[in-house]
Amino acid sequence: MALLIWILVLTAVLGALAYFRAPGWTWAAAGGAWLAGLTLRAGLAPAVSATLCTLLLVASALLLIGPLRRALLSDALLGWFRRVRPQVSQTEQEALDAGTVWFDGELFSGRPDWARWLSVPKPELSAEERAFIDGPVEQLCRMCDDWKISYELNDLPPELWQFIKDKGFLGMIIPKQYGGLGFSALAHSEVVMKLASRNPTACVSVMVPNSLGPAELLLHYGTEEQKNYYLPRLARGIDMPCFALTGPEAGSDAGAIPDFGVVCKARHEGKEMLGIRLNWEKRYITLGPVATVLGLAFKLYDPDHLIGEQQDIGITVALIPASHPGVSIGRRHAPLNGSFMNGPNWGKDVFIPMHWVVGGQAFVGQGWRMLMECLAAGRAISLPSSTTGGAKTAVRTTGAYSRVRNQFRVPIGKFEGVEEALARMGGNLYLMEAARVTTAGAVDLGEKPAVISAIVKYHCTERARQVINDAMDVHGGKGICLGPNNYLGRGYQQVPISITVEGANILTRSMIIFGQGAIRCHPYVLKEIAAAQEPDGAAASRTFDAALWGHFSYLIGNAARSLWLGATGALFSPAPGASETRAHFRHLTRFCAGFALAADVAMLLLGGELKRREKISARLGDILGHLYLASCTLKRWHDEGRQQTDLPFVQWAVQDAEHRIQEAFYGLFQNLRARPASWLLRLLIFPYGRTFSAPDDRLGHRVSRLLLEHSPARDRLTAGMFIHRHEADPVGRLELALERVAEAEQIETKVRAAVRHGAAPGLAADARTSAAVELGAITAAEAQALESYDGLRRACIMVDDFPLDVGRHTAAEPISLDDFQQALMARKTA
């Protein structure tokens, strides 16, 4: 019995040391103290005691004496690691090197500092930025006629284009010294979001020049001459930019770009100079048909060694005027009836001078790194903002429509099926807005969060798809009939565009989020890979040894933390903030430890094969993504003053994230081929099995109720969207109806009671009202108010109709496949 107690004491001590990731000397000291106590108290035989002492000394020597440890263990493991480590291509390495690690590093650590997370300053707009949003942005939204833009013109009208240029919308990210507005990332995000809540075409036309494009590239990498020439022109709209990256043969695989340039000498403007002869063919280029300057990505080669010894220089970016000889701007694409400009361009044997390369000759071959760093910031703002703006319109209008639309004399929002959809919409939107604002704030803090930008792009666009689908289901026939009074149809049509651009979501989920995050954010993997690539054997040995044993401590620590936090429900884990959310912080701490452990086990078991096991990578990415989204949700609630009425949104969003995390873990356990490892992970992370449920019906009921009536919570949820409170505007009409529905229902109740007791049944609505007035049940003013509301309500639920020949207007015929192939062959052989 005494020996068993000592064994239990040793287990507890070692578990505590692992939990707190104690240094090696602490382990050795604890082992010595335990062995001494065991020898003195338990009366061990001398031979047993000597054997244990010898084992402890050997283990301590390996643990504490670096040269011995490297010679006997680390160097052999270094050789093994070089064989099994994931092979990283040049473009992958540049992507890994791009951007910064922010809170994603905390999540990977297995023990995030929540107090520090909550202390991150809440992003705030300046007075100038607020005035711009309340002024020119509001005015631009009022000028947008969605039906005219999307159906009649298939473009913004000229006066809107001019307004956008005159008011500086195209230069929001350009500093004031170059004539731009010099806005923060948050202001950029707020502008895009508000425009998206009104009109997608206006939103995209403003968003793209301020996202990944010439202005962003010039700000970070351009020469002074390039900045001084282009940035003022871009800020004032004298030049319209586009960025030509993707093409028919290469989308996500940048290494497969067939577009190329060759360093050569040729005449330009009457002078012979060093430059590049280019050939390219691009597709899907937003603003391409109206661009005056192209940012072009291509592979650069120097076969004659005119600029150095290297022949294959790599991906390079240049700025080319669209009017330059040989540049061909094609016609338009039609992306799901989106009216924003998008189209192809190409060039055959186009010579450009070397100083047109962004950053000049010094930056040739650095294009992919430039794109990855700029994309990290742009992707963190553009699509999360635009999809959140669209989701706000969908949520606010669906809540109001569900209140004023009756079936069986009951608002449809009170039916449980509709209530379920409303709950999803409200919870998803609260989470999306939290991620949008928090991530924009990170960019304003100087971060370029490459992994987090992929997380928010993927999850915001996917949740926006769920929101618009739910909105369409609730609206029914109102949603599917296009026309001036349909505020959902075009958004529903075009949501796949946001899913596709800036990294298609299937690729983002299955390869980028965890594939990049596992190496970029892990505290030790990147160091181990760097050591394996180090040509100096001694330096590689020292670096790998330090990273390896730090990694071992990290792995053991996360295993101990996972078991303890799982067994105790993280009850004793420290959690900051209000009492309403502390349990959620504890759950996220537990999930972080489990995620760090599972990620290490997956990488250890699969090695380089993990790149090909995309479904495993996707599930790990899901865990990381939902950890970040839940963290943002809790932070938003604290940043906004812990509004008690917003708690249903918070609880729904975080419970949903926790449930999704749990299911992603179980998907991982089920599909790891090494079954013993899978069983062990499940035991350590979920010792009691599945304990996290999706949000229940009662919580969903509380969320949906907040969307069915005017309330501060509803206003905070949809803050920043455009609302024109006028009966002529379909969204404004709903708002006015919602403001009057409670009063109208009270009057209608009086009318029904009066008619039921004092008049014959079966009267029409207007006759019932008149009868109620005659009976004295309601006043004439109340009757007038009810009649006015009923007209407004009817206008809200009606849909547009058109002449039989609607849509039979003459349009440009698309080019046939045969004609296209002939034109393509002609360009290639020209």
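Residues numbered from 1 in each chain as written. Predicted model: local features only at pLDDT ≥ 70, side-chain atom pairs only at ≥ 80, totals over all residues. Heavy atoms only, no water.

Novice: Let's hear about unusual backbone geometry: which residues, and what values?
Specialist: Backbone geometry at R21 places phi at a positive 50°, although glycine is not the residue there. Mapping R21 onto the fold places it in the loop between helix 1 (2-19) and helix 2 (24-42). Taking the relative accessible area as the measure of exposure, R21 reaches 18% and is therefore buried. (Helix = DSSP H or I, 4+ residues; strand = E, 2+ residues; numbered from the N terminus. Buried < 20%, exposed > 50% of the residue type's maximum accessible area, 1.4 Å probe, protein only.)

Novice: Any chance you could break down empty space enclosed by the protein for me, citing the residues and the numbers?
Specialist: In total, this model carries one cavity of 30 Å³ or more according to the counting rule given. Put simply, the largest cavity is a space of about 30 Å³. D146, W147, L482, G483, N486 and R490 together form the lining of the largest cavity. Split into classes, the residues belonging to the lining of the largest cavity amount to two nonpolar, two polar and two charged. (1 Å grid on protein atoms, 1.4 Å probe; cavity = no way out; pocket = protein on both sides within 12 Å on 5 of 7 lines; lining within 4 Å. Points joined across faces, edges and corners; volume = space filled by probe spheres on them. Nonpolar A, V, L, I, M, F, W, Y, C, P; charged D, E, K, R; others polar.)

Novice: Before we move on, could you go through the pairing of strand 5 (residues 312-321) and cite the residues and values that matter?
Specialist: In terms of burial, strand 5 is a largely internal element, eight of the 10 residues being buried. Here strand 4 (residues 293-301) runs beside strand 5; their pairing, made up of nine bridges, is antiparallel. Its bridge partner being in strand 5, Y301 is matched across the sheet by D312. (Pairing = 2+ DSSP bridges.)

Novice: Go over the environment of I174 with me, naming the residues and quoting the values.
Specialist: Looking at where I174 falls in the secondary structure, it is placed in the loop between helix 10 (158-166) and helix 11 (185-196). For I174, a relative accessible area of 0% puts it in the buried group. Considered as a pair, I174 and R69 are 105 residues apart in the sequence and their alpha carbons are 54 Å apart. Non-local contacts of I174, meaning those with residues more than four positions away in its chain, are made with G180, L181, G182, A215, L219, L231, L234 and A235. (Contact = heavy atoms within 4.5 Å.)

Novice: Explain the packing of aromatic side chains to me, and be specific about the residues and the numbers.
Specialist: Scanning the entire structure with this criterion turns up 30 aromatic pairs. Aromatic pair Y229 and Y230: ring centres 4.9 Å apart, planes at 80°, arrangement edge-to-face. Its relative accessible area of 45% is what places Y229 among the partly exposed residues. When the ring of F408 is compared with that of F415, the centres are 6.3 Å apart and the planes differ by 85°; the resulting orientation is edge-to-face. According to the relative accessible area criterion, F415 is partly exposed, its value standing at 31%. Directly above the ring of Y19 sits R561, whose terminal nitrogen or CZ lies 4.8 Å from the centroid. Geometry around Y430 places R636 over its ring, the cationic atom sitting 3.9 Å from the centre. (Phe/Tyr/Trp six-rings, centres within 6.5 Å; stacked < 30°, edge-to-face > 60°. Lys NZ or Arg CZ within 6 Å of the ring centre and 35° of its normal.)

Novice: Lay out the packing of helix 16 (residues 416-444) against helix 24 (residues 614-639) in plain terms, naming residues and giving numbers.
Specialist: Orientation of helix 16 relative to helix 24, taken along the N-to-C sense of each, is 85°, at an axis distance of 8 Å. On the basis of the axis angle, helix 16 is roughly perpendicular to helix 24. Residue-level contacts link L429, Y430, L431, E433, A434, A435, T438 and T439 of helix 16 to Y628, L629, C632, T633, K635, R636 and W637 of helix 24. (Axes fitted to C-alpha atoms, helices over the stretch in contact; angles between N-to-C directions. Parallel < 35°, antiparallel > 145°, perpendicular 65-115°, else oblique.)

Novice: I'd love a proper account of the pattern of salt bridges, names of residues and values included.
Specialist: Within the structure shown, the criterion is met by 36 salt bridges. Across the pair E281 and R283 runs a salt bridge, and its minimum N-O distance is 3.3 Å. For R283, a relative accessible area of 9% corresponds to the buried category. With its nearest N and O atoms 2.8 Å apart, the salt bridge here joins D646 to R716. Linking D646 in the loop between helix 24 and helix 25 (647-671) with R716 in helix 28 (residues 712-717), this pair joins segments that are 70 residues apart in sequence. In the salt-bridge network here, residues are joined through shared partners; they are R396, R714, D715, R725, E735 and E739. (Salt bridge = Lys/Arg side-chain N within 4 Å of Asp/Glu carboxyl O.)

Novice: So what about helix 30 (residues 765-774)? Which residues, and what values?
Specialist: Every buried residue belonging to helix 30 is among T769, A771 and A772, and all of these are buried. In a view along the axis of helix 30, the buried residues occupy a sector of 160°, so they form one face of it. Away from its buried face, by an angle of more than 90 degrees, helix 30 presents the exposed residues D766 and E774. At the C-terminal side of helix 30, G776 shows a positive phi close to 80°. (Arc of directions from axis to C-beta.)

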